[in-house]
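Summary of the model geometry
If you want the building blocks of each chain, they are given just below.
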Amino acid sequence: VVHAVTKWADGNDSDTGRQLGYLPPDEYQHVLCGSVFTLCPAGHNPETFRLWEALSCGSIPVLLSQHTRLPDQLARGNRTKNVGGVPHHRQAIRCEYPLLPLLQQRLPFVTLESWEELPILLQNYTANPEPFKALQRTTRKWYDWYLQSVYCVVARRLIHMAQQQSVSRR
C-alpha cells in the first residue's frame, strides 16, 4: 500500500514519512503511472479520486462489484440493507448511482466481489499478462476519449452561453 501526502508532518522529516509508507506526490504519481492496477475502494461515494487518478495514469481501476451494478440490478436486491457500509438512515443523502454515467459508457475496469479475490487477479495477470495489457491500452484510449467528450460538452455550453449573452445585449 502506498500513501501520498502533500507535505511532511515536520516540514522536512521525510525519513519518518517514508518509514510510515508515505510518498511525496511526485513519487506517488510515478508509482501510480507505473502500475497496471489501482485499487479504488469506495469512501462515502464509489466515484473516488482514486478512480480518476488511475484513469489519468492509464492504470486499470479495480472496484468492488457492489459499486458497479446498474439500477435494474440494484432494484432486485433489498434496498433497506446496510449498502456499501453506509447505514440505512444515511442512504438518503447518498448519490443514488454515482458510477452510472461511466458504466453506461463501458468504463474499462476490473470488478471483484470482494478484496479477497485480489490474489487471484494478480495470479491471472502473472500467468497471462497480455489480456490485461490490452485492457490497460483500452483504459488509456477510453480516458482520452472521455476527456475529449467532456471538453466538447463544456465548449458547446460555453459557446451557447456566449451566444445568448450576445443576443441579450442587443
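Details of the structure are given in the entry above.
Residues numbered from 1 in each chain as written. Predicted model: local features only at pLDDT ≥ 70, side-chain atom pairs only at ≥ 80, totals over all residues. Heavy atoms only, no water.

This brings us to the packing of aromatic side chains. Summed over all chains, the structure comprises six aromatic pairs. Centroid distance Phe-37 to Tyr-125: 5.6 Å. Interplanar angle 85°. Geometry classified as edge-to-face. Within this pair, whereas Phe-37 is found in strand 3 (residues 37-39), its partner Tyr-125 is found in helix 7 (residues 118-127), the two being separated by 88 residues in sequence. Aromatic pair Trp-142 and Tyr-146: ring centres 5.0 Å apart, planes at 10°, arrangement stacked. One end of the pair, Trp-142, and the other, Tyr-146, are both in helix 8 (residues 130-169), four residues apart, so they sit about a helical turn from each other. (Phe/Tyr/Trp six-rings, centres within 6.5 Å; stacked < 30°, edge-to-face > 60°. Helix = DSSP H or I, 4+ residues; strand = E, 2+ residues; numbered from the N terminus.)

Turning next to the sheet that holds strand 3. Backbone-to-backbone hydrogen bonds pair the strands of a sheet. The strands run either parallel or antiparallel. With respect to topology, three strands assemble into an open sheet ordered 3-4-5, the strand pairing being parallel. At either end of the open sheet lies a strand with only one pairing partner, and these are strand 3 and strand 5 (110-112). Neighbour-to-neighbour, the strand axes of this sheet turn through a mean angle of 30°, independent of strand direction. Sheet contacts for helix 7: strand 3, strand 4 (60-64) and strand 5; angle to strand 3, the most-contacted strand, approximately 175°. (Pairing = 2+ DSSP bridges. Axes fitted to C-alpha atoms, helices over the stretch in contact; angles between N-to-C directions. Contact = heavy atoms within 4.5 Å.)

Attention now moves to a nonpolar patch on the surface. Nonpolar side chains collect at one region of the surface, where Val-150, Val-154, Leu-158 and Met-161 lie side by side and expose about 330 Å² of accessible area between them. Examined against the element boundaries, Leu-158 turns out to sit in helix 8. (Patch = residues over 30% accessible without salt bridge, like charges linked within 9 Å, V, L, I, M, F, W, Y side chains within 5 Å. Areas by Shrake-Rupley, 256 points an atom, 1.4 Å probe, with all protein chains shown as cover. Salt bridge = Lys/Arg side-chain N within 4 Å of Asp/Glu carboxyl O.)

One pass over the full model with this rule turns up one disulfide. Here Cys-33 connects covalently by a disulfide to Cys-57, the sulfurs 2.2 Å from one another. Sign of the S-S torsion, about -45° for the bond between Cys-33 and Cys-57, identifies this disulfide as left-handed. Here Cys-33 is found in helix 2 (residues 25-33), whereas its partner Cys-57 is found in helix 3 (residues 49-57), with 24 residues between them in sequence. (Disulfide = S-S within 2.5 Å.)

Inspection of the secondary structure assignment puts Thr-48 in the loop between strand 3 and helix 3. Once residues lying within four places of it in the same chain are set aside, the contact partners of Thr-48 are Pro-41, Ala-42 and Gly-43.

Within strand 4, five of the five residues are buried, which leaves the element mostly enclosed by the surrounding structure. Every second residue of strand 4 is oriented toward a common face, with Ile-60, Val-62 and Leu-64 on one face and Pro-61 and Leu-63 on the other, all of them buried. Pairing of strand 3 with strand 4, which is carried by three bridges, proceeds in the parallel orientation. Looking at strand 4, one finds that Phe-37 is bridged to Ile-60. Where strand 4 lies against strand 5, three bridges are found, and the strand directions are parallel. For Leu-63, the partnering residue across the bridge sits in strand 5 and is Thr-111. (Buried < 20%, exposed > 50% of the residue type's maximum accessible area, 1.4 Å probe, protein only.)

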